[in-house]
Amino acid sequence: MDSKGSSQKAGSRLLLLLVVSNLLLCQGVVSTPVCPNGPGNCQVSLRDLFDRAVMVSHYIHDLSSEMFNEFDKRYAQGKGFITMALNSCHTSSLPTPEDKEQAQQTHHEVLMSLILGLLRSWNDPLYHLVTEVRGMKGAPDAILSRAIEIEEENKRLLEGMEMIFGQVIPGAKETEPYPVWSGLPSLQTKDEDARYSAFYNLLHCLRRDSSKIDTYLKLLNCRIIYNNNC
Amino acid sequence: MFENAASRVVFILLLFLNVSLLNGQSPPEKPKLVKCRSPGKETFTCWWEPGTDGGLPTNYKLTYHQEGETLIHECPDYKTGGPNSCYFSKKHTSIWKMYVITVNAINQMGISSSDPLYVDVTYIVEPEPPANLTLELKHPEDRKPYLWIKWSPPTMTDVKSGWFIIQYEIRLKPEKATDWETHFTPKQTQLKIFNLYPGQKYLVQIRSKPDHGYWSEWSPESSIQIPNDFPVKDTSMWIFVAILSAVICLIMVWAVALKGYSMVTCILPPVPGPKIKGFDVHLLEKGKSEELLRALESHDFPPTSDCEDLLMEFIEVDDCEDQQLMPRPSKEHTEQGVKPMHLDLDSDSGRGSCDSPSLLSEKCDEPQAHPSKFHTPEGPEKLENPETNLTCLQAPQSTSGEGKIPYFLANGPKSSTWPFPQPPSLYSPRYSYHNIADVCELALGMAGTTATSLDQTDQHALKASKTIETGREGKATKQRESEGCSSKPDQDTVWPRPQDKTPLISAKPLEYVEIHKVSQDGVLALFPKQNEKFGAPEASKEYSKVSRVTDSNILVLVPDPQAQNLTLLEEPAKKAPPALP
């Protein structure tokens, strides 16, 4: 009987000890930061989302530049494709700011929806780019591999942007229309020069739009997360 | 007249042209646009290279138009960028838009236009070097001293708002060194350098790079002198490390000294050397292979004539009725409860392989098992069966209908006498040169001999045969013996058990005997084996009469004159094993 009582006491003491230790430990745990724009269910912090998005957009732009330079070096020397590439981007209808002042005056909502529009409008062309580059005779792996990578990263960035958008502007509708690409026939023409010119245009536009996305995101990151104090 | 006027005009014109050419005046050469650069993604500047001016004052005019516009503009600022440049201010700069720029060289003689340059400001970003590079030697009290390098972002870059993302690279070296030590820092505008050599003058440079664009130029060199008394290393840590390692070494030495060998053996167990009985490694080292092999041999092996003597001496023929077994300590136990005959490896008894008669007699110990179930084995070829473990079994096997053989076989795996189920190679090393048949024959023959040829005059010793060809005889011998055993109850013939050494059978060559026949009334008639060496066979004498039984239980047989004549008549020259009923 005595032993039973003592064992019970020991058990209760142990329980108390566990409870106290748990409480202490819980106090020491760093809680995830609350969403800066109000209470919401933030599972990943906005800072982390932006960090990630900036990394991906930077990477996409690097890849696009390299891909364009490769193509230019290999297929476009002395052909004067650049003259045909003016005004050839399917996303030129989007009202994107074109200098720092304009960008700084654009509200982050607008900027975000512009980014989303750009990302969405590139889903289809990237898919066809991969298919057509594969079919291109003597397609160097440098171009094809980058095209495949960009297509993947684009989807990833779109997902991340949608999450950011949901957090920064909760309850906003994302039904903005985005420009549709219709350049597939020109990618598939029999005329080699015309086809290469079409590729040149597409890669040129991709490089530009990826630069836009990258710049806007970095701007937004500094504005929202760092309060214009990068 | 007119012709004269026309030719005069032409002449004057040509003269004029000639004069002007002689003066060196010509339209300007096509200028060339070299590069355009934007230091902060907000403005940009273009530079061109003029060609030859053709000897006349030439003006350069830069014109451009933007992508998507048709309006042609002229350069807003020729001055800011220096000679042969055009500076585009903020309000004239758009990002993500192509500029088509052309430079025209104009002089009196003509205009030359350069090739158009297509410029997108996004891809021509090259910042200035970082500004305000400061060097400072810091000496905190409780920490290591260091060189603190600070700088500020280059001009015209808006880093705070995030419009311009920048990275830095710092390099430094002692003044007289050749290689630079480079450090890369993303974003931050300060750096701490720790391991510096005292008494040296260090040179420091820095440059910057945008996230997408070109590296800037290196900043001008900044220098700093490290004083001679600059404490470079924190020696206290190294002293501590040295003391600790010394202590550890001392502990290890002490442990080794104390434990010594046991520890060494614990860590490095000695490699077990080969252990072969009788194997002397030293002999091997000396190279005396014969001695070595001799040492490997067992002293009883191979069986020499001595062995034969021994074999003879220790032939034990059991009394079939008597269940008396060899009074030897049996270390093994068979299922049938029959004590196996041990092959005594250690002693010189010679009983081992020569135990076969005792085994045979064991078989005979159970007479109820094989009275007249004795029948011919299938054929002589069985004897030549290389599986010699069968040969000895021929006779017993035929009577093993009730499974009495098993005690033979049961002995096999355990007993060391006749390991029948095992191949002969597993047999005792003492007699490994022989197969079991040989030994069987040996023993049987010996047994037969001892049983029969104890007649002083007419003794034929058993010849130790080393070939399997004698298997036939062995079989025959066995048969005879079985016969002898089976007829025993009638005959009441007692197989003697020669336990002691008898001088009778010592040093006599051994021979096989042949069972001639069994007479009507069960008399066993035995023949000595015809020795081929002697050419014509001797007159066959039939040994079928027991003369006496010696003290050592040796049965002495003598020729039976009565039966002899009869057998000779009836079965002349029959030497083959008779077909037994």
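Residues numbered from 1 in each chain as written. Chains lettered and ligands numbered in written order. Predicted model: local features only at pLDDT ≥ 70, side-chain atom pairs only at ≥ 80, totals over all residues. Heavy atoms only, no water.

Visitor: Help me out: how do you make sense of the overall build of chain B in this one?
Guide: For chain B, the count of helices and strands is 14 helices and 19 strands. Every one of the 581 residues in chain B was classed for burial, and the buried ones make up 46%. In chain B, the share of contacts with a sequence separation of at least 24, taken over all contacts with a separation of at least 6, comes to 64%. For chain B, the accessible area works out to roughly 31100 Å², and carbon and sulfur atoms hold 58% of it. (Helix = DSSP H or I, 4+ residues; strand = E, 2+ residues; numbered from the N terminus. Buried < 20%, exposed > 50% of the residue type's maximum accessible area, 1.4 Å probe, protein only. Contact = heavy atoms within 4.5 Å. Areas by Shrake-Rupley, 256 points an atom, 1.4 Å probe, with all protein chains shown as cover.)

Visitor: What should I look at first to understand empty space enclosed by the protein in this one?
Guide: Any space left empty among the atoms is revealed by the rolling of a water-sized probe across them. For the coordinates displayed, the defined rule picks out 9 cavities of 30 Å³ or more. Around the largest cavity sit 15 residues that line it, and Ser211 and Thr215 of chain A together with Lys41, Asp211 and His212 of chain B are the ones nearest its centre. Examining the composition of the lining of the largest cavity, we find that 4 residues originate from one element, helix H9 (residues 192–225) of chain A, more than from any other. Of the residues contributing to the lining of the largest cavity, the split by class is 5 nonpolar, 6 polar and 4 charged. (1 Å grid on protein atoms, 1.4 Å probe; cavity = no way out; pocket = protein on both sides within 12 Å on 5 of 7 lines; lining within 4 Å. Points joined across faces, edges and corners; volume = space filled by probe spheres on them. Nonpolar A, V, L, I, M, F, W, Y, C, P; charged D, E, K, R; others polar.)

Visitor: Help me understand unusual backbone geometry, please; the structure alone is not making it clear to me.
Guide: Comment: phi is negative for the bulk of residues other than glycine, and the bulk of peptide bonds are trans. One non-glycine residue with positive phi stands out, namely Asn87 of chain A, at about 60°. Along the chain, Asn87 of chain A turns up in the loop between helix H3 (81–85) and helix H4 (100–105). Positive phi outside glycine occurs at Trp96 of chain B, with the angle close to 60°. With respect to the helices, strands and loops of the structure, Trp96 of chain B is situated in the loop between strand E5 (85–88) and strand E6 (98–107). Classification of Trp96 of chain B as buried rests on a relative accessible area of 2%.

Visitor: Honestly, the sheet that holds strand E10 (residues 146–152) of chain B in this entry has me stumped. Any pointers?
Guide: All names here are of chain B. Pairing within the open sheet is antiparallel, and its 3 strands lie in the order E9-E10-E13. Two strands bound the open sheet, and with one partner strand each, they are strand E9 (131–138) and strand E13 (190–193). Neighbour-to-neighbour, the strand axes of this sheet turn through a mean angle of 15°, independent of strand direction. By the bridge criterion, 4 bridges tie E10 to E13 in an arrangement that is antiparallel. The partner of Lys150 across the bridge, within E13, is Gln190. (Pairing = 2+ DSSP bridges. Axes fitted to C-alpha atoms, helices over the stretch in contact; angles between N-to-C directions.)

Visitor: For this particular structure, what's the right way to read the state of the cysteines?
Guide: Cysteine pairs can be covalently joined through their sulfur atoms, and such a bond is termed a disulfide. Residue and element names in this part refer to chain A. According to the stated counting rule, one finds 4 disulfides over all chains in the structure shown. Covalently, Cys89 is tied to Cys205 through a disulfide, its sulfur atoms 1.9 Å apart. One quick way to see it: the torsion about the S-S bond of Cys89 and Cys205 is about -100°, and its sign makes the bridge left-handed. Taken together, the residues span a long stretch of sequence, with Cys89 in the loop between H3 and H4 and Cys205 in helix H9 at a distance of 116 residues. Across this residue pair, the class does not change: Cys89 and Cys205 are buried. (Disulfide = S-S within 2.5 Å.)

Visitor: Sorry if this is basic, but what is going on with the packing of helix H2 (residues 46–75) of chain A against helix H7 (residues 141–168) of chain A here?
Guide: Packed helices, taken two at a time, are described by the angle between their axes plus the distance between the axes. Residue and element names in this part refer to chain A. Following both chains from N to C, one finds H2 and H7 inclined at 155°, their axes separated by 9 Å at the closest point. Between H2 and H7, the interaxial angle falls into the category roughly antiparallel. Considering only the axes of H2 and H7, their crossing is left-handed. Grouping the amino acids of the contact of H2 with H7 by side-chain chemistry returns 19 nonpolar, 4 polar and 7 charged. (Parallel < 35°, antiparallel > 145°, perpendicular 65-115°, else oblique. Left-handed = near helix turned anticlockwise from the far one by under 90°.)

Visitor: Explanation requested: the UniProt feature "binding site: Zn(2+)" (unreviewed entry) in chain A in the structure shown.
Guide: Taken from the UniProt record, the annotation "binding site: Zn(2+)" (unreviewed entry) applies to His58 and Asp214 of chain A. A maximum C-alpha distance of 5.8 Å places the annotated residues, which cover 157 residues in sequence, within one compact spot. When only the residues just named are considered, the largest cavity is lined by Asp214 of chain A. The residue His58 of chain A is located in helix H2 in this model. Among residues more than four places away in sequence, those in contact with His58 of chain A are Asp214 and Lys218 of chain A together with Asp211 and His212 of chain B. (UniProt positions renumbered as here; feature names shortened; annotations may be inferred.)

Visitor: Explain the side chain of Thr157 of chain B here, please?
Guide: Residues and elements named next belong to chain B. Position of Thr157 relative to the elements: it lies in the loop between E10 and strand E11 (166–174). Taking the relative accessible area as the measure of exposure, Thr157 reaches 13% and is therefore buried. Contacts of Thr157, omitting those with residues within four sequence positions, involve Pro39, Gly40, Pro127 and Phe164.

Visitor: Sorry if this is basic, but what is going on with the sheet that holds strand E1 (residues 32–37) of chain B here?
Guide: Sheet strands pair by backbone hydrogen bonding; their relative direction is either parallel or antiparallel. Residue and element names in this part refer to chain B. With antiparallel pairing, the 3 strands of this open sheet are ordered in space as E1-E2-E5. If you trace the sheet from one side to the other, it starts and ends with E1 and E5, each paired once. Mean inter-strand twist for the sheet, computed between neighbouring axes without regard to direction, equals 15°. Sheet topology note: the strand E2 (residues 44–49)/E5 ladder contains 4 bridges and is antiparallel. If you follow Trp47 over to E5, its bridge partner there is Ser85.

Visitor: What am I meant to see in the interface of chain A and chain B here?
Guide: Accessible area lost upon the coming together of the parts is a frequently used measure of interface size. Facing the 29 residues of chain A at the interface are 25 residues of chain B. For the chain A and chain B pair, buried surface summed over both sides reaches about 2500 Å², with 56% attributable to carbon and sulfur atoms. By the criterion of area lost to chain B, the three top residues of chain A are Glu98, Lys100 and Arg208 of chain A, representing 25% of everything that side buries. Joining chain A to chain B, the criterion identifies 7 salt bridges. Among the salt bridges present, the one from Glu67 of chain B reaches Arg208 of chain A, with a minimum N-O distance of 3.0 Å. Between the two partners, chain A and chain B, sit 16 residue pairs in polar contact (both at pLDDT 80 or more). Elements with a minimum of two residues in the side of chain A that touches chain B: H2, H3, H4 and H9 of chain A. Each residue belonging to the side of chain A that touches chain B can be placed in one class, and the counts come to 9 nonpolar, 10 polar and 10 charged. (Buried area = accessible area lost by both parts, 1.4 Å probe. Salt bridge = Lys/Arg side-chain N within 4 Å of Asp/Glu carboxyl O. Polar contact = N/O pair within 3.5 Å; in protein donor to acceptor, adjacent residues only side chain to side chain.)

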